[in-house]
Amino acid sequence: MAGPERASVEELSATAALSLRSGLVALLEDVVKGGASVGFLPPLDGEEAGAYWDGVAATLKGGSRRLWIACAADGGIVGTVQLDLPGQANGRHRAEVIKLMVLSGARRQGLGRLLMEAAEAEAHRLARPTLVLDTRQGDPSEALYRGMGWQPAGTIPRYAQSADGTLHTTAFYYKLL
C-alpha cells in the first residue's frame, strides 16, 4: 500500500465528501471490522456507514468540522481524520481530533502521522491552540499520539464497548499548540 512518501493528504469539502462517499464507507467498514474503537460495532451495515458520512458532510457544510483524507497513489482512500470545532463562546480556542482511521492494509506507514499533522496545522491556522482527543487505552494509536507530543489527561474505565461486550478504558489526551 501507499507509504507516506506516495500518499497525499487533502482536506475535503462537504461536496467532495459526498462524491467520495463509497470510499469513505469502505474505509469505515474496514476499520470497524478490524476492531477499531471509532463509535461503531461490527458488523457495520453499509447503510449505517453511509448515513454516518452523510452526517459528516452536513457538519462540514455547516462549518463546524474539517475532514482530511489520505489517498494512495492509485487515488483510493486509505485514511481520514476530522477536526471538530466547538462553537460555544467559551470553546472557540479549542478543537477535538476525531475518527483518525487508517485502512488495515495501510497501517504502520506514517499515514496516521500525516493526517494528524494536517489536523494540527489547521487548528493552528484557525487559532485553536488547545486540542483534545480520546482513544481506547492500549491501542497502538497511543504511541502515535505520545510520539507527536500529546499529553495524557486521564482515563475513564468501562467507557467503550467491544462487539463481544467487553468494556474498555478510554484514554484522553491533549496538546497545546
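Here's a quick rundown of the structure. (Residues numbered from 1 in each chain as written. Predicted model: local features only at pLDDT ≥ 70, side-chain atom pairs only at ≥ 80, totals over all residues. Heavy atoms only, no water.)

Section: the environment of E48
And step 1. Note that E48 resides in helix α3 (residues 46-62).
And step 2. We classify E48 as partly exposed; its relative accessible area is 40%.
And step 3. Along the backbone, E48 and R107 are 59 residues apart, and their C-alpha atoms lie at a distance of 24 Å. (Helix = DSSP H or I, 4+ residues; strand = E, 2+ residues; numbered from the N terminus. Buried < 20%, exposed > 50% of the residue type's maximum accessible area, 1.4 Å probe, protein only.)

Comments concerning the sheet that holds strand β7 (residues 167-176)
And step 1. Strand order in the open sheet formed by seven strands is β1-β2-β3-β4-β5-β7-β6, with mixed pairing between adjacent strands. With one partner strand each, in any of the chains shown, β1 (8-12) and β6 (151-161) form the two edges of the open sheet. For this sheet, the mean angle separating the axes of adjacent strands, direction not counted, is 25°.
And step 2. Those strands touched by helix α2 (residues 21-33) are β2 (65-71), β3 (77-84) and β4 (94-102), and its axis lies near 90° from that of β3. (Pairing = 2+ DSSP bridges. Axes fitted to C-alpha atoms, helices over the stretch in contact; angles between N-to-C directions. Contact = heavy atoms within 4.5 Å.)

What to know about the layout of surface pockets
Take a probe with the size of a water molecule and roll it over the atoms, and the empty space left behind shows itself.
And step 1. Approximately 1100 Å³ is the volume found for the largest pocket.
And step 2. Every element with two or more residues in the lining of the largest pocket is listed here: α2, β4, α4 (111-125), β5 (130-136), α5 (141-147) and β6. (1 Å grid on protein atoms, 1.4 Å probe; cavity = no way out; pocket = protein on both sides within 12 Å on 5 of 7 lines; lining within 4 Å. Points joined across faces, edges and corners; volume = space filled by probe spheres on them.)

Points about unusual backbone geometry
And step 1. A cis amide bond, omega -5°, links P42 with the succeeding residue P43.
And step 2. Mapped onto the elements of the fold, P43 is located in the loop between α2 and α3.
And step 3. The phi torsion at K99 lies on the positive side, around 55°, for a residue other than glycine.
And step 4. Taking the relative accessible area as the measure of exposure, K99 reaches 24% and is therefore partly exposed.
And step 5. The backbone of A127 shows a phi angle near 60°, a positive value even though the residue is not glycine.

Comments concerning the packing of α2 against α3
Pairs of packed helices are described in terms of their axes, by the angle between the two and the distance that separates them.
And step 1. For the pair α2 and α3, interaxial distance at closest approach is 9 Å and the crossing angle is 120°. Classified by the angle between their axes, α2 and α3 sit oblique to one another. The handedness of the crossing between α2 and α3 is right-handed. On the side of α2, the interface is formed by R21, L24, V25, L28 and E29, while α3 contributes G46, A49, G50, A51, Y52, W53 and D54.
And step 2. Classifying every residue of the contact of α2 with α3 by side-chain character gives seven nonpolar, two polar and three charged. (Parallel < 35°, antiparallel > 145°, perpendicular 65-115°, else oblique. Left-handed = near helix turned anticlockwise from the far one by under 90°. Nonpolar A, V, L, I, M, F, W, Y, C, P; charged D, E, K, R; others polar.)

What about α2?
Owing to its 3.6 residues per turn, the α-helix brings residues three or four apart onto one side.
And step 1. Relative to the 18 Å expected for 13 residues at 1.5 Å per residue, α2 spans 18 Å between its end C-alpha atoms, a close match to the ideal helical length.
And step 2. Among all positions of α2, only L24, V25, L27, L28, V31 and V32 are buried. The arc enclosing the buried residues of α2, seen along the axis, measures out at 160°, which places them on a common side. Exposed residues pointing more than 90 degrees away from the buried face of α2 are listed as S22 and K33. (Expected span 1.5 Å × (residues − 1). Arc of directions from axis to C-beta.)

A few points about the pattern of salt bridges
And step 1. For the structure shown, the criterion picks out seven salt bridges.
And step 2. A salt bridge links R21 to D54, with the nearest nitrogen and oxygen atoms 2.8 Å apart. With R21 in helix α2 and D54 in helix α3, the pair connects residues that are 33 residues apart, well separated along the chain.
And step 3. By relative accessible area, D54 is classed as partly exposed at 33%.
And step 4. Here D139 ties to R136 by a salt bridge, and the two come within 3.1 Å at their closest N and O atoms.
And step 5. For R136, a relative accessible area of 13% translates into the label buried.
And step 6. Beyond isolated ion pairs, a larger network of salt bridges with shared partners links E11, R66, E122 and R125. (Salt bridge = Lys/Arg side-chain N within 4 Å of Asp/Glu carboxyl O.)

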